[in-house]
Amino acid sequence: MSGGGDPELGDLPGLGDDLKDLTLSLPPGQVASPQATPLCSRTKFLSNSGCPSASQVGDLSLAVDVLGAGRIDERLLQGKVFNLEPQGTEGARLGLAVDVVIGPLALSGVIHLETEARLRADDSGLDSITLDNPRDLEGIPLEVRRLNLRLWGSKADHPTMQKSFMSTPTTCNAAITRVKAVSYRGDTTNAQTSFTPTGCDQLDFKPSAIFESAREADTPGELTSGVALPDEEGPLAQSHIKKATVVLPPGFELSPTVGSNPDFTGCDDAQFNRFTEGVVSCPAGSQIGTVRFRSPLLLKQELVGKVFVANPKPGEPKVRFFVNAEAGPESDAVRVKLIAKVQIDQNTGQLTTVLDDLPATPFTEFRFSFFGGPRGPVSMPRQCGTYTGDTILEPMNGNPTKTVKASVAIDQGCTSPEPFAPTLAAGVNPLLAGADTTLVTTFTRPSGHGRLKSMELQLPTGLSGKLTVAPLCPLSVAATGSCGEESRVGRVNALAGGGSDPKALSGNVYLTEGPNGALAGLNIVVDVKVGPLDFGRVVTQATIVVRPDTGLTLVVPDIPQRQEGVEANIRQLEVVLDRAGFNLNATSCAPNQFTGTVTSDTGIVAPVTAPYQPNGCDQIPFAPKVSATIGGGAAETKEDGHPSLKVVVSQQPGEANSSKMEVVLPEGIAADSERLRSVCTLEVYAQNACPPETVKGTATAYSPLLPNPLTGPVTFVQIPGSPLPGLRIKLQGALTIELTGTVKFGDKNRLVNVIDPIPDTPLSRFELDLKTGPQAPLIATKDLCQSKTNTVDGTAWSHAGSQATIKTEADVVDCRPAGTLKLGSLRSGRPSLDLRVAGGRTRVTTAQLVVPKGLEFQRAALVKKRLRISATGLKKGSKARVTVSGQSIRVTVPSGQSATVLRVRMSSGGLRASTRLRKRGRPQLTFRLNTTTADKKSSRSNLRVRPAAR
């Protein structure tokens, strides 16, 4: 029997006696064509005249036992098979009219049997069902013992037919026919027979593709694809389709806008009931399209239905569609259920839909349509033009696959060249100057414009981020979108997809290490979830760069265009940095702005701006504090020494940032003109090639924004037109700040250092340390330890417009109390003594004078009678204590007190000179002075003196 040919269904095996119901299950692919003949109505079939011969499609014989007159009479009855009008959702209905003429029993008449043909749910084969076979005729009992049914095949053999009625499967594999018979006693008999079609390779296969779509570019739109097969009347049918692969043209892509529907959800396999006749119970929100079948099996109606998105299933492609086509009322519907699997090209987003193991059911047309509108699941191409899709069809007969093409035109909503005009909205809340704030930046592009590929946003100077508020997420972790909550500094909201209703997506922003040595970075992570479909995370790494003006620039070098093949099509990107303490407003209320550029995926660069101007500058406090330290050792703080100088300016949190600082040095400090000849020219400085001797100190800055301080050298440079060199201070660390200082003479020729400008960056502490030693730039014009005042003062200006006076007394370190000594004549052998110990910049707690060899104090009682002790600076009523031993005298102030001056005067008789010393006349004698100061520092000095002449 040829595949696709016209079979004649012959004898069936014995079915037992007393037959009631008979179900004949034809092999998949063996089908009937109700269009083969005119249809006969059921009323006509049951009438005396019966169906016309033109509606006959076969014949039959029926073996019955006639039970009458106490005996059994076995008879073989003949009949005809007619093509009846199907009822409801039946694929076909057959009428079996059996003529009964049994002479001895005077029995005559017609037995009418009706058989309905229905599609099976599991394999879409046909079941022929005959119910309630007769048990009697005109009251005489009958038992059906055997039924032989022959359905006509080829039209050539039966010219009364308009076309072939029965056709065999179009695959040449064993075709099994199964029979189930049920007797009136309830006995069930099952049997089967098989045949193998031949000649499958001779079957025609002439499919054509269907491809229709909306015509507006770059928006979601309706899309229909399908297949048509001719309903030919030749002796061999067209091969059925085993597998269909629909390859949409590049540009037709899955659109995230389908997820804009808040009810969009997926359907479970259990709800779909693929291999049962049960009702499909997929949620309404999972429907994304419709399906339509036209089949010669259904004369009255088409199979129509719905396309649903399936919930993901392990081991299957992420995107699957459930297809359910049915005809008739839900309770009695004929259903065809299919599963379509979608492959998404990771690089282009091109969609390939595979329908495998299609049912062996003939159809003339199959249409698969996706919904259009703003929330449609498929987006049209970006550019106008003609787009051709491929449908690759594998026939069931085993012949090679056939590719058929169809084209559509996209010719609306196109602009050439493609425009690109993004906008920027940026702002902070609150807008109060110097306050912690939330920063929101929103990039938007219209539908139909070029895609966002990269961007660079320059924040206004002064608007800063505090890196110490969160730990930096390692870049290796950030690359996988796995930063922890501890590094989160904000959130991101995005709109994706073309048309008027893009899909809202969301995610988080994390603070990271800086890529390529940058200050820091931002890791923007967006979860791409479209209803039941989770396409993972889109990870975008941004870099935070510090500009020369210390403003921050956010660089996003590469915005991902696809995630698992699905085009992101970002229409809006909103970044909200809302972690408490992370953002800090500028302290200047001058008009400023966000500026930047956005680059499209086609290389178009578009500038963007947004205004920025904080308010409330008059409410910001500004009270910088200054301290100063002069050091270098006792020798360097004396006149003509070269002391070091450290000036520290500090501010409290919440104060306005300094914009300019003027510091006036103490009167006792001047510039050493000889040493200032070693300066660097601006040209050499710009090349980072200044000689080491031009570096005169260091500077350190501490900022609450940074985890570590900034440090760098202080280089003296030649300023054209200025008699004095200037300063260049290069602070480096997590960022670089370069400050410029000028030096001039002020009142009383005091040195004035002006640092201007200072960026609008919070600095909690700034230290300027000019070194001592051979390259020291400063010289002492007097003994700084003994100077009554070493005042450092000046003026500070803020970015908020306020001004403050700064003033402090410099702390001179390493100063020793100074002692002066007068010694009376040695002639009498009992010289007087007058010792004065002045603390100068320090206060004295003890002073011990050790006399040289040849001098010796008398016993203590005698000495104390001749002593007068004074201590300046003690509390009223307090006195210093004196201790005398052989060659020393020690004066100690009361505990917890200190004196600015200690004086010890001893009249003649308290000190005795040896005879040998007296004979030397007026020799130069060396006394040793040991002192202790209030800060518990001890010092030792030698006092050289000659005795008085008389």
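All values derive from a computational prediction rather than experimental measurement. Starting from 1, residues in each chain are numbered consecutively following that chain's sequence as written. Owing to the predicted nature of the model, reporting of local features is limited to residues with pLDDT of at least 70; listing and counting of side-chain atom pairs is limited to 80 or more, with chain, interface and lining totals taken over all residues. The side-chain quantities take in all heavy atoms of the structure and omit both hydrogens and water.

A word on the side chain of Asp218. Secondary structure is summarised from DSSP: a helix means a run of H or I of at least four residues, a strand means a run of E of at least two, and numbering begins at the N terminus for each. Here Asp218 is to be found in the loop between strand E13 (208–213) and strand E14 (223–228). Looking at Asp218, the relative accessible area reads 3%, which means it is buried. Polar contact criterion, stated in full: a pair of N or O atoms within 3.5 Å, where within protein one must be able to donate a hydrogen and the other to accept it, and residues adjacent in sequence count only if both atoms are side-chain atoms. In terms of polar contacts, Asp218 uses its side chain to reach the backbone amide nitrogen of Gly448, at 3.3 Å. Within the structure, Asp218 has its side chain in polar contact with the side chain of Arg451 (distance 2.8 Å). Every residue pair with non-hydrogen atoms within 4.5 Å of one another is taken to be in contact. Contact partners of Asp218, with chain neighbours within four places excluded, come to Ser379, Met380, Pro381, Arg382, Ser447, Gly448, His449, Arg451, Gly498, Gly499 and Asn569. Exposure is judged per residue with a 1.4 Å probe applied to protein chains only, and the accessible area is read against the type maximum: over 50% gives exposed, under 20% gives buried, and values in between give partly exposed.

Our next topic: the packing of aromatic side chains. Pairing of aromatic rings covers Phe, Tyr and Trp, the last counted by its six-membered ring, and requires centre-to-centre distances within 6.5 Å; plane angles under 30 degrees mean stacked, over 60 mean edge-to-face, and any other angle means tilted. In total, this model carries 11 aromatic pairs according to the counting rule given. Plain terms: the ring middles of Phe272 and Phe322 are 4.3 Å apart, the flat faces sit at 5° to each other, and that makes the pair stacked. You can see Phe272 sitting in helix H2 (residues 269–272) and its partner Phe322 sitting in strand E19 (residues 319–327), a full 50 residues away along the chain. You can call Phe272 buried: its relative accessible area is 1%. Here the aromatic residues Phe293, Phe321, Phe363, Phe366, Phe368 and Phe370 are joined through ring pairs into a cluster of three or more. By definition here, charges over rings are those cases where NZ of Lys or CZ of Arg is within 6 Å of the ring centre and within 35 degrees of the ring normal. One residue, Lys660, lies across the ring of Trp797, its end atom 4.6 Å from the ring centre.

Moving on, we get to the state of the cysteines. Criterion for a disulfide: a pair of cysteine sulfur atoms at a distance within 2.5 Å. Counted under the stated rule, the structure contains eight disulfides. Between the sulfur atoms of Cys384 and its disulfide partner Cys414 the distance amounts to 1.4 Å. As the torsion about the S-S bond is roughly 85°, the Cys384-Cys414 disulfide counts as right-handed. Of this pair, Cys384 sits in the loop between strand E23 (378–379) and strand E24 (385–395) while Cys414 sits in the loop between strand E25 (402–410) and strand E26 (423–429); the two residues are 30 residues apart in sequence, bridging distant segments of the chain. In this structure Cys384 comes out as partly exposed when scored by relative accessible area, which is 31%. On the basis of relative accessibility, which here comes to 32%, the residue Cys414 falls in the partly exposed class. The disulfide partner of Cys785 is Cys815, and the S-S distance across this bridge is 1.7 Å. Between Cys785 and Cys815, the S-S torsion sits near -90°, and that sign places the bridge as left-handed. Of this pair, Cys785 sits in the loop between strand E51 (778–780) and strand E52 (791–798) while Cys815 sits in the loop between strand E54 (811–812) and strand E55 (818–823), and the two are 30 residues apart along the sequence. Residue Cys785 shares its accessibility class with Cys815, and that shared class is buried.

Our focus in this paragraph is the sheet that holds strand E56 (residues 833–838). Paired strands are those between which DSSP finds at least two bridges. Sheet architecture is open: four strands sit in the order E55-E56-E62-E59, paired in antiparallel fashion. Edge strands, defined here as strands with exactly one partner in the open sheet, are E55 and strand E59 (867–872). Across the sheet, the mean angle separating the axes of adjacent strands is 5° when strand polarity is ignored. Bridge count for E55 against E56 is six bridges, and the pairing is antiparallel. Counted as the bridge partner of Ala818 is Ala838 from E56. Helix axes are fitted only over the stretch in contact, all axes being lines through C-alpha atoms; the angle between N-to-C directions runs from 0 to 180 degrees.

Attention shifts here to the pairing of strand E22 (residues 365–370). Regular strands show a simple pattern: their side chains alternate between the two faces of the sheet. Counting buried positions along E22 gives five out of six residues, so the element sits mostly inside the fold. When E14 meets E22, the two strands line up antiparallel, connected through six bridges. Looking at E22, one finds that Ala228 is bridged to Glu365. For strand E17 (residues 287–294) and E22, the ladder comprises six bridges, and the chain directions are antiparallel. Following the sheet pairing, Phe293 is matched in E22 by Phe366.

This paragraph deals with the pattern of salt bridges. In the sections that follow, a salt bridge refers to a side-chain nitrogen of Lys or Arg positioned within 4 Å of a carboxyl oxygen of Asp or Glu. Using the criterion set out here, one finds 41 salt bridges in the structure. A salt bridge links Glu212 to Arg367, with the shortest nitrogen-to-oxygen separation between them at 3.2 Å. With Glu212 in strand E13 and Arg367 in strand E22, this pair connects stretches of sequence that are 155 residues apart. Residue Glu212 is classed as partly exposed on the basis of its relative accessible area of 37%. Its relative accessible area of 22% is what places Arg367 among the partly exposed residues. The residue Arg292 makes a salt bridge to Glu302 at a minimum N-O spacing of 2.4 Å. Taken together, the positions of Arg292 in strand E17 and Glu302 in the loop between E17 and strand E18 (303–309) put the pair 10 residues apart, joining distant regions of the chain. Linked by salt bridges that have partners in common, Lys20, Asp21 and Asp132 make up one network.

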